[in-house]
Amino acid sequence: MGPTVNRNALLSTAMKTVAVPSGAKVSVAVLDLDSGARARCGDAAFDTASIVKVDILATLLLQAQDAGRRPTTTQLAYATKMIENSDNDAASALWRDIGGKDGLDAANKRLGLTDTTGGDGPLWGLTQTTAADQLVLLQQVFGGDSRLSDASRDCVRGLMETVETGQRWGVSAVADGSTTTALKNGWLARGTTGLWDVNSIGRVTVDRTPYLVAVLSKGTVSLARGIDLVEAAARAAVSAFTGGTPSATTYPDVTASTASTDATDATASVGSSESADMPVSAVTSTAAVPPASAAG
């Protein structure tokens, strides 16, 4: 047997190349699906924003399995809009269907998430989670041993693979394009500070190896800088396995408005009292971000 590789140490070293803006925080976790090797950097809890929509869907499907039925046609329609378009009204409807915080927390206990707590009342966007827990959730969807049935896993995978073009930034930045990336992003401007939560989770392929990657961030002054930070962290995460050297990221001034005229500040829209996930079309980023027409 060869020497043991300390992936956490390699990831910690790789993350030193990521320029984290002053006052911001980032945490990342990654799993090589072929070898089972994993690494993480950072244990802090973060707001989920819209990445919780994958968890909401997993909960809905697990509850349907328990009842020996499929989700209803209406629920499946909501699920499609919730994941593919990051529709907040659809998420709020399914949040109510699963029983809100109590339903999510009960399902997560069975799925193996130990550091995720559902948001209070209608505030699904303020669910608290860690990068390591998001990796556990991704394993339930893309790994080999899962509480979810094959049909349930196929449902989640299929929707994450068909997220609308304007929302396919994030962990996809590290993918080599050889296979379809599956992902879900979340972005949320906190009303109390004006600072951003920007998160991305998913499955990517690099050099024919599939990886699960979860990147959580908070405290950037704009969505654009948050996207850059998340994408740089995703590259660093995978470089701890591929041996590549992630390029250092700098943050030029972003002068474009980070708010959109059609973004709302309502609990029904985002599941929180903070600003809703906003259209990426409102942002100028150093990352290549396609336009999007729907709030996320």
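Just so we're clear, the structure is a prediction, and the values are computed from it rather than from any experiment. (Residues numbered from 1 in each chain as written. Predicted model: local features only at pLDDT ≥ 70, side-chain atom pairs only at ≥ 80, totals over all residues. Heavy atoms only, no water.)

Asker: A description of the overall build of the chain should follow, citing residues and the corresponding values.
Answerer: Within the chain, the secondary structure is distributed over 9 helices and 7 strands. For the chain, with 296 residues in total, the buried portion stands at 55%. For the chain, the accessible area works out to roughly 11900 Å², and carbon and sulfur atoms hold 49% of it. (Helix = DSSP H or I, 4+ residues; strand = E, 2+ residues; numbered from the N terminus. Buried < 20%, exposed > 50% of the residue type's maximum accessible area, 1.4 Å probe, protein only. Areas by Shrake-Rupley, 256 points an atom, 1.4 Å probe, with all protein chains shown as cover.)

Asker: Before we move on, can you summarise the packing of helix 6 (residues 131-142) against helix 7 (residues 150-160) with the specific residues and values?
Answerer: Running from N to C, helix 6 and helix 7 cross one another at 110°; their axes reach a closest spacing of 8 Å. The orientation of helix 6 relative to helix 7 falls into the category roughly perpendicular. Of the residues in helix 7, those in contact with Leu-138, Gln-139, Gln-140, Val-141 and Phe-142 of helix 6 are Arg-153, Val-156, Arg-157 and Met-160. Looking at the contact of helix 6 with helix 7 residue by residue, the class counts come to 5 nonpolar, 2 polar and 2 charged. (Axes fitted to C-alpha atoms, helices over the stretch in contact; angles between N-to-C directions. Parallel < 35°, antiparallel > 145°, perpendicular 65-115°, else oblique. Contact = heavy atoms within 4.5 Å. Nonpolar A, V, L, I, M, F, W, Y, C, P; charged D, E, K, R; others polar.)

Asker: Outline the pairing of strand 2 (residues 38-41), listing residues and values.
Answerer: In this structure, strand 1 (residues 25-32) lies alongside strand 2, joined through 4 bridges in antiparallel fashion. Looking across to strand 2, one finds that Val-30 is bridged to Ala-39. Hairpin connection, strand 1 to strand 2: the antiparallel pair is bridged by 5 residues, and Gly-36 has positive phi, about 85°. (Pairing = 2+ DSSP bridges.)

Asker: With reference to specific residues and values, describe the sheet that holds strand 7 (residues 209-220).
Answerer: One open sheet holds the 5 strands; their spatial order is 2-1-7-6-5, and the pairing between them is antiparallel. Edge positions in the sheet fall to strand 2 and strand 5 (182-189), since each of these pairs with one other strand and no more. Ignoring which end each strand starts from, the neighbouring axes of this sheet average 5° apart. Here 11 bridges tie strand 6 (residues 196-206) to strand 7, and the two strands are oriented antiparallel to one another. Of the residues in strand 7, the one forming a bridge with Trp-196 is Thr-220. Across the sheet, helix 6 lies against strand 1, strand 2, strand 5, strand 6 and strand 7, angled at about 145° from strand 7, the strand it touches most. Taken strand by strand, helix 8 (residues 223-242) contacts strand 1, strand 2, strand 5, strand 6 and strand 7, and its axis lies near 145° from that of strand 7.

Asker: If you had to explain the environment of Ala-49 to someone new, which residues and values would you point to?
Answerer: Position of Ala-49 among the secondary structure elements: in the loop between strand 3 (46-47) and helix 2 (52-66). On the basis of relative accessible area, Ala-49 is assigned to the buried category, the value being 2%. Sequence separation of Ala-49 and Leu-188 is 139 residues, and the distance between their C-alpha atoms is 5.8 Å.

Asker: Hey, could you go over the environment of Pro-210 for me, with residue numbers and the actual values?
Answerer: On the secondary structure map, Pro-210 appears in strand 7. In this structure Pro-210 comes out as buried when scored by relative accessible area, which is 19%. For the pair formed by Pro-210 and Leu-33, sequence separation is 177 residues and the distance between their alpha carbons is 5.7 Å. Excluding its chain neighbours within four sequence positions, the residues that come into contact with Pro-210 are Leu-31, Asp-32, Leu-33, Asp-34, Val-204 and Thr-205.

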